[in-house]
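Residues per chain, in single letters:
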Amino acid sequence: MRALIVDDERLARKELMKLLEDHPMIEVVGEAANAEEAMQLVNDLNPDLLFLDIQMPGKTGFQLLEELDGVPLVVFTTAYDEFALKAFEVNALDYLLKPIQPERLSETVSKLAEKERAKVAAIRGPEKKLGLNDQVFVKDGDRCWFVSLSNVRLFESDGNYIKVYFDANRPMIHKSLNALDEKLDERAFFRASRKHIVNLSWVEGIEPWFNGGLMVKLRGGDKVEVSRRQAAKFKDMMSL
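Parameters and conventions
- Residues numbered from 1 in each chain as written.
- Predicted model: local features only at pLDDT ≥ 70, side-chain atom pairs only at ≥ 80, totals over all residues.
- Heavy atoms only, no water.
- pLDDT = per-residue confidence, 0-100.
- Helix = DSSP H or I, 4+ residues; strand = E, 2+ residues; numbered from the N terminus.
- Polar contact = N/O pair within 3.5 Å; in protein donor to acceptor, adjacent residues only side chain to side chain.
- Contact = heavy atoms within 4.5 Å.
- Phe/Tyr/Trp six-rings, centres within 6.5 Å; stacked < 30°, edge-to-face > 60°.
- Buried < 20%, exposed > 50% of the residue type's maximum accessible area, 1.4 Å probe, protein only.
- Pairing = 2+ DSSP bridges.
- Axes fitted to C-alpha atoms, helices over the stretch in contact; angles between N-to-C directions.

Within an unreviewed UniProt entry, the label attached to the protein chain reads Two component transcriptional regulator, LytTR family, and the organism entered is Ohtaekwangia koreensis.

Okay, here's the thing in structure tokens:
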């Protein structure tokens, strides 16, 4: 994270820079002695984070934040704890009392790391699952296929392998059914039992089966038993 240190005391800035050397996730890209200098540097450098003193000659740290168009993450640094409540009213990430203790700074950096992880996760969003419009590469021995998942009607577990049913082919891939289940879009593929995952778009008929289970018939004639445990879930998915 690119950080700017804003403090009217030169020694305080240098001390904080020294402490931050132990935290390589933070890169100090500039320092300012007052709000006016800080305003210019924020516009020029676009930092991710401000270590901001509150009481400074001229404008205070709070006044600086009021004038910024876009406010980065803020950690207030001050010798006065009377400003703590106001600091959190402006959504500061943390509040460090001078002289800053290394252990306390480590806590702040941990908060920053957690905030950054949350930000990255939000940008990435949930991992995209494989759906009917996706294509996969299947290799069995010397034979290879690029297969649209819309054409795969069934996956069947066979020991440490999975049999992939498409057209008249039944190639075997070295993968567990659990690992495959996590990658497939549950709106398109259903885990019928410990041994089978079915493509819901291929379901042609359903009938009651032993012990509260179901027997599902797929287009093409394949039949798959749905376990009693999964039967209620399957009915919900396949009904209005």
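Predicted confidence across the protein chain gives a mean pLDDT of 89, with 95% of residues reaching 70 or more. The secondary structure element of the protein chain with the lowest average pLDDT is helix α4 (residues 84-89), at 70, and the one with the highest is strand β1 (residues 2-6), at 97.

On to the side chain of Arg191. Following the sequence through the fold, Arg191 ends up in strand β11 (residues 189-191). Reaching out from Arg191, the side chain makes a polar contact with the backbone oxygen of Ser193 at a distance of 2.7 Å. With residues near it in sequence (within four places) discarded, Arg191 still touches Leu177, Asn178, Asp181, His196, Ile197 and Gln230.

In this section: the packing of aromatic side chains. Taken as a whole, this structure holds six aromatic pairs when the rule is applied. Aromatic pair Phe137 and Phe146: ring centres 5.3 Å apart, planes at 55 degrees, arrangement tilted. Among the residues examined, Phe137 registers a relative accessible area of 49% and is labelled partly exposed. For Phe146, a relative accessible area of 62% translates into the label exposed.

This part takes up the sheet that holds β1. The strand order across the open sheet formed by five strands is β2-β1-β3-β4-β5, and the pairing between neighbours is parallel. One side of each edge strand has no neighbouring strand; the edge strands of this open sheet are β2 (27-32) and β5 (94-97). The average undirected angle you get between the axes of adjacent strands in this sheet is 20 degrees. Relative to strand β4 (residues 73-78), strand β3 (residues 49-53) is paired through five bridges, and the arrangement is parallel. Note that in β4 the partner of Leu49 across the bridge is Leu73. Seen against the sheet, helix α1 (residues 10-20) touches β1, β2, β3 and β4 and runs at an angle of roughly 175 degrees to β2. On top of the sheet, helix α2 (residues 35-45) reaches β1, β2 and β3; it is set at about 145 degrees to β2, its chief contact.

What follows deals with the sheet that holds β11. The strand order β10-β9-β8-β12-β11 describes an open sheet built from five strands, whose pairing is antiparallel. Only two strands of the sheet have a single neighbouring strand rather than two, namely β10 (172-173) and β11. Across six bridges, strand β8 (residues 152-158) lies against strand β9 (residues 161-166) in antiparallel orientation. Bridging from a neighbouring strand, Phe155 pairs with Val164 of β9.

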